Amino acid sequence: GAVVSQHPSRVICKSGTSVKIECRSLDFQATTMFWYRQFPKQSLMLMATSNEGSKATYEQGVEKDKFLINHASLTLSTLTVTSAHPEDSSFYICSARDRLGGQGGYGYTFGSGTRLTVV
Amino acid sequence: AQTVTQSQPEMSVQEAETVTLSCTYDTSENNYYLFWYKQPPSRQMILVIRQEAYKQQNATENRFSVNFQKAAKSFSLKISDSQLGDTAMYFCAFMRSAGGTSYGKLTFGQGTILTVHP
């Protein structure tokens, strides 16, 4: 089935530095990528939607300049957390929807997530 | 805007028993999709089951089935013959099927932590 590879799985960075998270669709073309943030034992909160070759659409309350999203190809989308601070520590998950709708219909393939810790 | 509500923060069940997780949603749309996702301790999101709103027949996938009540806007998940591997957080999710700015976006419920006891 469809696979989205997300890296790194865990990252610890110092406050003020930037961190890049990559999501690659391995066996399909991801025309749309969704980026979520999840706190422990809580739901997934959509941060932004990106379509290949165009600017990302951010949800209300998400800082565009802090969370930079690039979707330059049909198989790669990246999320860069700029000038990270401890409050940015969270679990970040990407989800791809391919031309056929992912997972054999209207479904989505999720990456395995990235646990970001800012110290 | 659509909302999805899961009113059971935590549930537990004995192995081999049956458990039902509740989900209600609010929408003015007529055409949409509903999903149940499972997130085990590995935190990988896994699709459990999917239901198209235009289909009256309830979806089933092996031990997993749903009770879809469109008029009541209810979408519960029944897990039969529960297994230890079913222990996970379960999320109900909604997606509108028409176009517009929210097309393709999943709206998740708060989640239900299910623990299967041996």
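Scroll up to find the structure this text is about.
These remarks concern the structure in this document. (Residues numbered from 1 in each chain as written. Chains lettered and ligands numbered in written order. Predicted model: local features only at pLDDT ≥ 70, side-chain atom pairs only at ≥ 80, totals over all residues. Heavy atoms only, no water.)

1. Brief notes about the sheet that holds strand β3 (residues 19–25) of chain A
All names here are of chain A.
Line of reasoning, step 1. With respect to topology, 4 strands assemble into an open sheet ordered β1-β3-β8-β7, the strand pairing being antiparallel. At either end of the open sheet lies a strand with only one pairing partner, and these are β1 (4–7) and β7 (67–73). When the angles between neighbouring strand axes are averaged without regard to direction, this sheet yields 15°.
Line of reasoning, step 2. Of the pairings in the sheet, the one linking β1 to β3 comprises 4 bridges and is antiparallel in character. By the bridge assignment for β3, His-7 is matched with Glu-22. (Pairing = 2+ DSSP bridges. Helix = DSSP H or I, 4+ residues; strand = E, 2+ residues; numbered from the N terminus. Axes fitted to C-alpha atoms, helices over the stretch in contact; angles between N-to-C directions.)

2. Describing the interface of chain A and chain B
Line of reasoning, step 1. Facing the 25 residues of chain A at the interface are 21 residues of chain B.
Line of reasoning, step 2. Both faces considered, chain A and chain B share a buried interface measuring about 1,900 Å² in area, 54% of it formed by carbon and sulfur atoms.
Line of reasoning, step 3. Its salt-bridge partner being Glu-59 of chain A, residue Lys-105 of chain B comes within 2.7 Å of it at the nearest N-O pair.
Line of reasoning, step 4. At the boundary of chain A with chain B, the tally comes to 6 residue pairs in polar contact (both at pLDDT 80 or more).
Line of reasoning, step 5. Counted by class, the side of chain A that touches chain B contains 11 nonpolar, 10 polar and 4 charged residues. (Contact = heavy atoms within 4.5 Å. Buried area = accessible area lost by both parts, 1.4 Å probe. Salt bridge = Lys/Arg side-chain N within 4 Å of Asp/Glu carboxyl O. Polar contact = N/O pair within 3.5 Å; in protein donor to acceptor, adjacent residues only side chain to side chain. Nonpolar A, V, L, I, M, F, W, Y, C, P; charged D, E, K, R; others polar.)

3. Topic: the side chain of Asp-86 of chain B
Line of reasoning, step 1. Along the chain, the position of Asp-86 of chain B falls in the loop between β9 (74–79) and β10 (88–96).
Line of reasoning, step 2. Apart from residues no more than four positions distant in its own chain, Asp-86 of chain B is found in contact with Lys-38, Arg-63, Phe-64, Ile-79, Asp-81, Leu-114 and Val-116 of chain B.

4. Comments concerning unusual backbone geometry
Line of reasoning, step 1. With omega at -5°, the peptide bond leading from His-7 of chain A into Pro-8 of chain A counts as cis.
Line of reasoning, step 2. Structurally, the position occupied by Pro-8 of chain A is in the loop between β1 and β2 (10–13).
Line of reasoning, step 3. A positive phi angle, near 80°, is found at Ala-16 of chain B, a position not held by glycine.
Line of reasoning, step 4. Relative to the assigned elements, Ala-16 of chain B resides in the loop between β2 (10–14) and β3 (19–21).
Line of reasoning, step 5. Taking the relative accessible area as the measure of exposure, Ala-16 of chain B reaches 48% and is therefore partly exposed.
Line of reasoning, step 6. Phi at Asp-81 of chain B takes a positive value of approximately 50°, unusual for a residue other than glycine.
Line of reasoning, step 7. Relative to the helices and strands, Asp-81 of chain B is located in the loop between β9 and β10. (Buried < 20%, exposed > 50% of the residue type's maximum accessible area, 1.4 Å probe, protein only.)

Geometric descriptors of this kind do not, in isolation, establish any biological role.
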